[in-house]
Amino acid sequence: MKERFNASQISKVIDQALVYQCACPAQVCRAIFELRELYEYQMNCANDSANDQQVHNTIALSTEKAHELMEDCLSRVLEIEGWDTTTFNMPETLKKKPAKEL
Amino acid sequence: MLVDSDAYTRSVLLEALARRGYEDVNVVSSALELPARLVATQPDIMIFNYQSDKPDSLSACTTVKLMRPQAAIIAIVSPGPALKEVRAWSQQTQCIDVVIEKPLSDERFFMTLRDLLQVKMSLRELQSKTQRLSDLVPEGALSAAESSVDAEGELFEAVVLFTDVRGSSQLIQRMPPRSFFKLLNQSLSAQSGQIRQHQGSVIKYTGDGLMAIFRDTGKSYVALRCALELARDSNNQELPVGVGLAKGLVLAGLIGDSTKAGQRRQYDVIGATVHLAARLCGMANPGEVITTESINAVAKLDSPAPRSIGNVAIRGFNRGIDCIAFKPSNESTGVHE
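Given the structure is predicted, the values throughout are model-derived calculations rather than measurements.

Asker: I keep staring at helix α2 (residues 24-44) of chain A and nothing clicks. Help me out?
Answerer: Along an α-helix, a turn takes 3.6 residues, which lines up residues three or four apart on a common side. Look at α2(A): 30 Å from first C-alpha to last across 21 residues, which is about the 30 Å you get at 1.5 Å a residue. Inspection of α2(A) places A:Pro25, A:Ala26, A:Val28, A:Cys29, A:Ile32, A:Phe33, A:Leu35, A:Arg36, A:Tyr39 and A:Gln42 among the buried residues, and these make up the whole buried set. If you follow the buried residues of α2(A), they end up packed against α1 (7-16) and α3 (50-81) of chain A together with α4 (81-93) of chain B.

Asker: Just to check I follow, could you spell out the environment of B:Leu171 for this structure?
Answerer: All names here are of chain B. Relative to the assigned elements, Leu 171 resides in helix α7 (residues 168-174). Spatially, the C-alpha atoms of Leu 171 and Leu 239 are 8.3 Å apart, while their sequence positions differ by 68 residues. Setting aside residues no more than four positions away along its own chain, Leu 171 makes contact with Val 165, Arg 166, Phe 180, Glu 238 and Leu 239.

Asker: I tried to follow the environment of B:Asn185 on my own but got confused; where do I start?
Answerer: Along the polypeptide, B:Asn185 turns up in helix α8 (residues 177-197). On the basis of relative accessibility, which here comes to 37%, the residue B:Asn185 falls in the partly exposed class.

Asker: Explain the side chain of A:His56 to me, please; I cannot follow it from the model alone.
Answerer: All names here are of chain A. In this fold, His 56 is placed in helix α3. By relative accessible area, His 56 is classed as buried at 14%. In this structure, His 56 is in contact with Gln 42, Cys 45, Ala 46 and Asn 47, ignoring residues within four places of it in sequence.

Asker: Honestly, the interface of chain A and chain B in this entry has me stumped. Any pointers?
Answerer: The accessible area lost on association of the parts is a frequent measure of interface size. Counting residues at the interface gives 23 residues for chain A and 26 residues for chain B. Summed over both partners, the interface of chain A with chain B comes to about 2,000 Å²; 61% of that surface belongs to carbon and sulfur atoms. Our count for the contact surface shared by chain A and chain B stands at 2 salt bridges. Residues A:Arg30 and B:Glu101 are paired through a salt bridge, measuring 3.0 Å at the closest nitrogen-oxygen approach. Where chain A meets chain B, there are 4 residue pairs in polar contact (both at pLDDT 80 or more). Listing elements by their share of the side of chain A that touches chain B, those giving two or more residues are α1, α2 and α4 (92-96) of chain A. Of the residues forming the side of chain A that touches chain B, the biggest block, 6 residues, is contributed by α1(A). Taken together, the residues of the side of chain A that touches chain B break down into 13 nonpolar, 3 polar and 7 charged.

What counts, and where the lines are drawn
Residues numbered from 1 in each chain as written. Chains lettered and ligands numbered in written order. Predicted model: local features only at pLDDT ≥ 70, side-chain atom pairs only at ≥ 80, totals over all residues. Heavy atoms only, no water. Helix = DSSP H or I, 4+ residues; strand = E, 2+ residues; numbered from the N terminus. Expected span 1.5 Å × (residues − 1). Buried < 20%, exposed > 50% of the residue type's maximum accessible area, 1.4 Å probe, protein only. Contact = heavy atoms within 4.5 Å. Buried area = accessible area lost by both parts, 1.4 Å probe. Salt bridge = Lys/Arg side-chain N within 4 Å of Asp/Glu carboxyl O. Polar contact = N/O pair within 3.5 Å; in protein donor to acceptor, adjacent residues only side chain to side chain. Nonpolar A, V, L, I, M, F, W, Y, C, P; charged D, E, K, R; others polar.

See below:
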């Protein structure tokens, strides 16, 4: 599965978006991690029959598509919010916004 | 205590904590600051905001567990590989109590924090109560009360020591009762301190004196040394004591009625050895220790010189007991080399 963002970059977004507003970028990041785990799980699943293989391939394929979509989404969200896509630092303007009440 | 190396998330967390009424938060920005801060504070809980790009910061948790093992640690961690790493590290080191995933978008964090604080407070109250209770009851009583076999009692060999103020009836008539009470408490406190120093256990106070037992290895020697110190200490006091010592089997446990609500039980140590020690104490003059020849033979003290009283008929005992008296001077007692 192709990965546009590596784990450190995604983790860095989550670390900074701890409580910002509804922590939406972090929620997208979390979904990406979950999709990666789901894909990895399918890849490691035992294939006892052709039927099994078909099941795992179907899930893996859909996961891959969903992952690509969510990475696109993250890329767009970071762009809209003005994140630095090289350092993955949260923009200062966002830090000044009041944090969502936990 | 909040440990977070990122200034922004640190301020966000601090604000969120303040909004929930957690004002007294010790903020630490670097694991390096921790040791010095932990010397000065005893946090109930450490909130550790793990930054994925600083994996070494996990050492903060180790530092807290080493220096303040009673503190609970809540780690806030990003999902994905960071979470897996922290969970694996936590399983290996047992340093983290609760791991909460980022982003903190629900109540879980504060519910966990509140629950942990309640547990810590309850634990502290319980420890404080236990401490107060253990001041009131003899050592061993609490464990006996918790034991399911307490009805049977515990049979073991011990040296039993009794002290009693000599001439207390005359003294209490001579001085105001409150002054006597204060003086008696001072004397009993000093005696208890001596007994604890000699690894003995005070079982009860008997009006003008106390009863203690010694059950560890070398008990004859240690108990006799303790008895001599008690007698010597009381030599120049207004409340001089006589001391009695005897060794043998005793039965310890809870005595009284446990079947009805409101009934009272008490921890005690009973047996013929207890009676013998009490009788020997009754025979002792002020500042004197009376014990059995068998204890003297095992203890082998070099000084003070023992004085044989001979075979003494003791009320309640069929055969006479070979007894020894010691009258320690204010010089320290010694051991036979």
